[in-house]
Amino acid sequence: MGPGLANLSVRQLALLEKWLPGAKVERDHSWGLVQTTVLEMAYAGSLFIVKAGGDDDHHVERELHAHLNWLSPWTRLGRAPIMEHGDAAAKLLVTRYLPGELVLGSEHANTPATYREAGELLALLHAQTRITDDGYEKRENRKSLTWLDGAHRIASSTVHRLRAEIGSWPTPAALLVPTHGDWQPRNWLVHNGTVSIIDFGRAAMRPAYTDFTRLSVQDFRRDSQLESAFLDGYGADPRRTPAWHRTRVREAIGTAAWAYRVGDESFEAQGHRMIAEALASS
């Protein structure tokens, strides 16, 4: 068994041998904090990305759904990877390798042109379809309360305040569109000056403004020019709604609690900052 393949199940290995017989692992791109294994593999003169989920993984199934239903506006332009093989039950996905340099940590992370392109691409995703969901707000509130019920390091006084605020919120119908779920430079590539998108493990139908949460607390916060460029590319600002504040609070709770669960202390600290800032704007 080659390096990087040890985390795959017997079923996943059998499917991989069927789809890409004799393929060799070139690089392990796995993040390490979640169960998904991500491998760059060479087969028949081409490169592929293989994603394999663990027993409790839900990311691969969501990614498969996104490839089958939402990514064609990007794949037609060569701006997202093309799926070659997939099996939801086995939690296994194979896509063509998409060349490029991660924007995160590169010079492109501070370039307004990058964010303008990212805004344009996000608008293409969101414009495909929309549905009205009467239960979205209630479900999201329950998720936040469940996070607060679990293990975390949010101060008890803050938990009490968060519970009171969530309990006071209205729960109107929400307009949902296809969303990426983790829209930020960590999931953008630049190749020959062109931005492309990867990693659809959190893709789902949500309000459009939810794809602004990561950027708002990170990149937009440090440089308003990046925010202006992104909005110029996107064409509007869906955060201009009372629901944006509710999303900020929910995202802050989820960030602090999830990061504590997986042991990511820097991300946990960001979550606590997000909570403080969201409550200050109440």
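Visitor: Looking at this structure, how should I read empty space enclosed by the protein?
Guide: Unfilled space is identified by rolling a water-sized probe across the atoms. Summed over all chains, the structure comprises one cavity of 30 Å³ or more. Its volume calculated, the largest cavity comes out at about 40 Å³. Around the largest cavity, the lining residues are V217, R248, A252, M274, E277 and A278. Secondary-structure elements contributing two or more residues to the lining of the largest cavity are helix 10 (243–262) and helix 11 (265–280). Counting residues per element, the lining of the largest cavity draws most heavily on helix 11, at three residues. Residue classes in the lining of the largest cavity are distributed as four nonpolar, no polar and two charged.

Visitor: It is not clear to me how helix 1 (residues 10–19) should be interpreted in this structure. Could you clarify?
Guide: Working note: α-helix, 3.6 residues per turn, so residues spaced by three or four point in the same direction. Regarding helix 1, the residues found buried are Q12, L15, L16 and W19. In a view along the axis of helix 1, the buried residues occupy a sector of 100°, so they form one face of it. Relative to its buried face, helix 1 has exposed residues pointing more than 90 degrees away, namely V10 and K18. Looking at the buried positions of helix 1, the neighbouring elements they touch are strand 2 (37–43), strand 3 (46–52), strand 4 (83–87) and strand 5 (92–96).

Visitor: In this structure, what is going on with the pattern of salt bridges? I would like to understand it.
Guide: Between side chains of opposite charge, a pair can form when the charged atoms approach closely. Evaluation of the coordinates by the stated rule reveals 20 salt bridges. A salt bridge links R79 to E117, with the shortest nitrogen-to-oxygen separation between them at 2.6 Å. With R79 in the loop between helix 3 (72–75) and strand 4 and E117 in helix 4 (residues 112–126), this residue pair connects regions lying 38 residues apart in the sequence. Accessibility classification places R79 together with E117 in one group, the buried group. Ionic pairing is found between E277 and R273, a salt bridge with its closest N-O pair at 3.5 Å. Pair noted here: E277 and R273 are both in helix 11, with a separation of four residues, about one helical turn.

Visitor: What is the right way to read the sheet that holds strand 7 (residues 131–133) from this model?
Guide: Within the open sheet, the three strands sit side by side as 7-8-11. Their pairing is antiparallel. Both edges of this open sheet fall to strand 7 and strand 11 (204–206), since each of them pairs with a single strand only. Strand-to-strand twist across the sheet, computed as the mean angle between neighbouring axes with direction ignored, equals 45°. Note that strand 7 and strand 8 (residues 174–179) share three bridges and pair antiparallel. What sits directly across from T132, in strand 8, is L175.

Visitor: Sorry if this is basic, but what is going on with the pairing of strand 2 here?
Guide: Taking burial as the measure, the seven residues of strand 2 include five buried ones, the bulk of the element. Here strand 1 (residues 24–28) pairs with strand 2 via four bridges, running antiparallel. Bridge pairing in strand 2 places K24 opposite A42. Here strand 2 runs beside strand 3; their pairing, made up of seven bridges, is antiparallel. Considered in strand 3, the bridge of E40 is made with I49.

Visitor: What is the right way to look at the nonpolar core in this model?
Guide: Membership of the largest hydrophobic core comes to 32 residues, with the highest contact counts inside it found for W74, Y115, W183, W188 and F230. If near-sequence neighbours (up to four positions away) are discounted, F230 is found in contact with Y115, R116, A118, G119, L122, W183, F212, L215 and F220.

Visitor: What's the story with the layout of surface pockets in this structure? I'm lost.
Guide: Reported here for the second largest pocket is a volume of approximately 260 Å³. Looking at the second largest pocket, it is lined by 18 residues, and the ones nearest its centre are L175, P207, A208, Y209 and P238. Listing elements by their share of the lining of the second largest pocket, those giving two or more residues are helix 4, strand 8 and helix 10. With three residues, the single largest contributor to the lining of the second largest pocket is strand 8. When grouped by side-chain class, the residues that make up the lining of the second largest pocket number 13 nonpolar, two polar and three charged.

Analysis parameters
Residues numbered from 1 in each chain as written. Predicted model: local features only at pLDDT ≥ 70, side-chain atom pairs only at ≥ 80, totals over all residues. Heavy atoms only, no water. 1 Å grid on protein atoms, 1.4 Å probe; cavity = no way out; pocket = protein on both sides within 12 Å on 5 of 7 lines; lining within 4 Å. Points joined across faces, edges and corners; volume = space filled by probe spheres on them. Helix = DSSP H or I, 4+ residues; strand = E, 2+ residues; numbered from the N terminus. Nonpolar A, V, L, I, M, F, W, Y, C, P; charged D, E, K, R; others polar. Buried < 20%, exposed > 50% of the residue type's maximum accessible area, 1.4 Å probe, protein only. Arc of directions from axis to C-beta. Contact = heavy atoms within 4.5 Å. Salt bridge = Lys/Arg side-chain N within 4 Å of Asp/Glu carboxyl O. Pairing = 2+ DSSP bridges. Axes fitted to C-alpha atoms, helices over the stretch in contact; angles between N-to-C directions. Core = buried A, V, L, I, M, F, W, Y, C linked by side-chain atoms within 4.5 Å.

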